[in-house]
Amino acid sequence: MDPTAHSSVQVTRTAEVWQQLARVTDPEMDESITDLGFVATLDIHANGVTVEFRLPTYWCAANFAFMMAEDIRDQVLNLAWVDSVNVRLVDHYSSAAINEGMANAASFMETFPSEATDDLSELRCVFRRKAFMTRQEKLLGHLRRSGWNTEDLLDLTVQRLGDAVNLGNDGEQLRRRYLDIRAELGLPCEAGECAITTVDGQPVSLEGFDSYLRELRKCRVTMEGNGVFCRGLLAVRYDLAAKGSQPAGEHETGSGGLSAGRHLPLKLVPADSR
Amino acid sequence: MYVTPNGEEIFAIDGHTHLWDASPANHKNRHGKEFIDCFYDYHRNLSPADYVWPKEKFERYPLETMVQDLFVDGYDDMAIFQPTYLTDFYETGFNTTEQNAVAKRAYPDRFILNGAFDPREEERGLDYLQGLVEEFKIRGVKLYTAEWRGDSKGYKLTDKWAGRYLEKCHQLGVKNIHVHKGPTILPLNKDAFDVADIDDAATSFPELKFIVEHVGLPRLDDFCWIATQEPNVYGGLAVAMPFIHSRPGYFAHIISELLFWLGADRLLFASDYAIWHPKWIIEKFMAFELPQEVQKETGVNLTLDVKRKILGENAAKLYDIDIPAQKARLKRQRIPAMESV
């Protein structure tokens with residue numbers, strides 16, 4: 001086989017895996033794990049993928065770590081050419097348990113039999129609702145700063161929100177993320193539906209709008225703060241600031257514009273090297 | 001004492017300080033090393049570069065260093081010891097009441113010594129709590145609900161034995177309950193940082209004051225919610241305040257949320273020494289002004305009155321400190337190093 005062709009397959013596959021990993025979020029921050037720098041190494045051998053991920057501290061909550069491990073596995077398995085995914089959490093107090101659980105395709109309760117009394121669906125739901133509120137707050141803030149008034153915002157339909165122009169790059173991303181999570185949570189997404197509702201799909205009244213916004217803001221400040229703190233901790237833990245002087249794009253990450261990959265020691269191993 | 005450019009003296013009570021021994025000789029296992037490594041990352045993450053200590057100094061520092069940093073260089077007039085035992089991680093404990101009591105004996109007017117309890121000690125621990133009150137006259141306790149103990153990964157304030165301890169605190173006049181949430185507690189499928197149990201305890205014990213350390217971070221939103229419901233819930237600002245250096249914009253948001261939801265009377269300054277040094281925190285805090293757009297958005301302001309409350313007056317009320325009398329007392333008993341400054 002022509003080695004150049006092989007390496008080009010490898011580059012494409014790496015980019016595909018990276019794109020899947022970008023869909024995995026840290027539940028407490030609603031930010032992509034690739035953007036956060038949580039992916040430590042990515043290794044592709046033929047149709048098998050190994051992802052090592054790391055967290056800002058040794059003590060980060062094991063339940064959220066398990067969620068991310070599961071999501072990494074599931075997202076990478078969505079690629080048609082992938083046969084197996086080996087997910088490994090490094091430098092964490094629950095690394096051994098979680099890695100064994102992942103290797104055996106065990107559930108959360110099977111992984112922590114004496115410590116868990118249920119699966120993680122309820123906890124996941126709590127944090128997806130917070131993510132909804134945070135995304136909505138950011139979108140509303142952007143639209144308000146662009147001159148939209150409250151009446152117009154509350155009258156917005158999904159169609160009109162989708163059609164709105166001149167949102168700028170940031171605004172378009174905020175709109176996409178907001179509409180994505182509406183769909184994810186099963187809220188009405190048809191063209192004529194009201195676009196700005198509570199997380200339970202209830203309308204927001206004009207009189208109640210300010211206090212509603214304050215609730216959203218509290219949630220957004222919390223999630224953003226967690227992101228600020230955790231990024232900083234990861235950077236000092238792994239000395240990323242020093243490595244950040246590497247030229248961007250040194251590794252082909254294919255992360256679709258996300259800025260993460262440049263710190264990452266990606267191991268690109270051609271399939272026939274073993 | 002911090003003195004404003006106009007000459008006004010601002011009395012500072014540092015609400016969360018430690019004198020720990022996390023030197024390798026005291027590690028019982030890997031967790032001891034990982035615990036102090038994590039603290040050291042907190043320290044490096046948010047401290048100005050010229051305040052970052054070498055690791056060895058951070059693991060164990062002498063009382064003289066602490067006194068110099070807090071009271072000579074750091075503007076603190078008084079400081080509260082918040083013990084964290086961690087006897088499963090450290091041979092002699094990380095930072096116990098008994099260890100901190102050495103400092104209290106040497107500087108009785110400077111330190112407020114808090115104790116600690118662990119409801120998993122059941123009956124035996126109740127006696128220990130009573131002993132702390134008798135021996136050290138403690139007025140507050142620090143609880144770390146995520147502390148590992150044997151197979152247990154933590155407890156909640158709604159546990160049966162926790163209720164017995166809070167009742168005992170009430171009987172003994174220990175009215176300030178500082179609660180620090182951490183990342184582990186069972187069952188593991190629940191959110192370890194959930195503060196709902198503090199809400200329940202605050203309702204059940206209205207005579208007690210519950211100071212939620214780190215203002216509930218990483219659950220600031222849930223903390224604001226319970227503090228809005230419960231007038232006896234306070235916020236300790238350790239971890240939140242150091243954002244003021246590297247992320248002042250974010251600090252503006254966090255402090256204005258807290259002022260909006262809790263008001264100015266229930267927030268306590270804290271450095272979390274030795275994680276952070278009070279000198280730079282107080283200097284930056286006193287110089288800080290909320291950006292106009294944040295003031296407009298939240299309708300709150302960080303005035304000198306508010307700063308004075310946060311830095312000292314609120315804690316003074318909780319610990320029955322008469323600030324003018326205490327100032328006079330401290331002037332009479334100066335620390336030797338202060339003579340040269």
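Residues numbered from 1 in each chain as written. Chains lettered and ligands numbered in written order. Predicted model: local features only at pLDDT ≥ 70, side-chain atom pairs only at ≥ 80, totals over all residues. Heavy atoms only, no water.

## Focus on the packing of aromatic side chains
- For the structure shown, the criterion picks out 41 aromatic pairs over all chains.
- With 4.9 Å between their ring centres and 85 degrees between their planes, Tyr58(A) and Trp59(A) make a pair best called edge-to-face.
- Note on Tyr58(A): relative accessible area 4%, which makes it buried.
- Taking the centre distance of 5.0 Å and the plane angle of 85 degrees together, the rings of Phe229(A) and Tyr42(B) count as edge-to-face. Residue Phe229(A) is located in helix α10 (residues 209-237), and its partner Tyr42(B) is located in helix α1 (residues 30-46); the two belong to separate chains. As far as the burial class goes, Phe229(A) and Tyr42(B) line up, both buried. (Phe/Tyr/Trp six-rings, centres within 6.5 Å; stacked < 30°, edge-to-face > 60°. Buried < 20%, exposed > 50% of the residue type's maximum accessible area, 1.4 Å probe, protein only. Helix = DSSP H or I, 4+ residues; strand = E, 2+ residues; numbered from the N terminus.)

## What about the domain arrangement of chain A?
Residues and elements named next belong to chain A.
- When the domains of chain A are assigned, the result is domain 1 (3-121 + 224-256) and domain 2 (122-222).
- Once you take the C-alpha centre of each, domain 1 and domain 2 turn out to be 28 Å apart.
- Domain 1 puts 14 residues into the contact, and the matching count from domain 2 is 13 residues.
- The largest share of the area that domain 1 buries against domain 2 comes from Asp-30, Ser-121 and Glu-224, three residues that together contribute 48% of it.
- At the boundary of domain 1 with domain 2, the tally comes to six salt bridges.
- The shortest N-O distance in the salt bridge between Asp-71 and Arg-124 comes to 2.9 Å.
- Here domain 1 and domain 2 share 16 residue pairs in polar contact (both at pLDDT 80 or more) between them.
- Those elements that place two or more of their residues in the side of domain 1 that touches domain 2 are α3 (62-77) and α10.
- Among the elements that make up the side of domain 1 that touches domain 2, the one with the highest residue count is α3 (five residues).
- For the side of domain 1 that touches domain 2, a count of residues per class yields four nonpolar, five polar and five charged. (Domains from an automatic or database assignment. Contact = heavy atoms within 4.5 Å. Buried area = accessible area lost by both parts, 1.4 Å probe. Salt bridge = Lys/Arg side-chain N within 4 Å of Asp/Glu carboxyl O. Polar contact = N/O pair within 3.5 Å; in protein donor to acceptor, adjacent residues only side chain to side chain. Nonpolar A, V, L, I, M, F, W, Y, C, P; charged D, E, K, R; others polar.)

## Quick look at the interface of chain B and chain A
- Contacts between the two partners involve 40 residues from chain B and, on the opposite side, 39 residues from chain A.
- Interface area for chain B against chain A, summed over the two sides, is near 3600 Å², with a carbon-plus-sulfur share of 60%.
- Of all residues in chain B, the largest losses of buried area upon contact with chain A belong to Leu188(B), Asn189(B) and Asp221(B), amounting jointly to 20% of the total for that side.
- Residue Arg219(B) pairs with Glu28(A) through a salt bridge whose shortest N-O separation is 2.8 Å.
- For the pair chain B and chain A, the interface holds 19 residue pairs in polar contact (both at pLDDT 80 or more).
- Secondary-structure elements contributing two or more residues to the side of chain B that touches chain A are α1, α8 (220-229), α10 (248-262) and α12 (292-298) of chain B.
- It is α1(B) that contributes the most residues to the side of chain B that touches chain A, ten residues altogether.
- A class-by-class count of the residues in the side of chain B that touches chain A yields 21 nonpolar, six polar and 13 charged.

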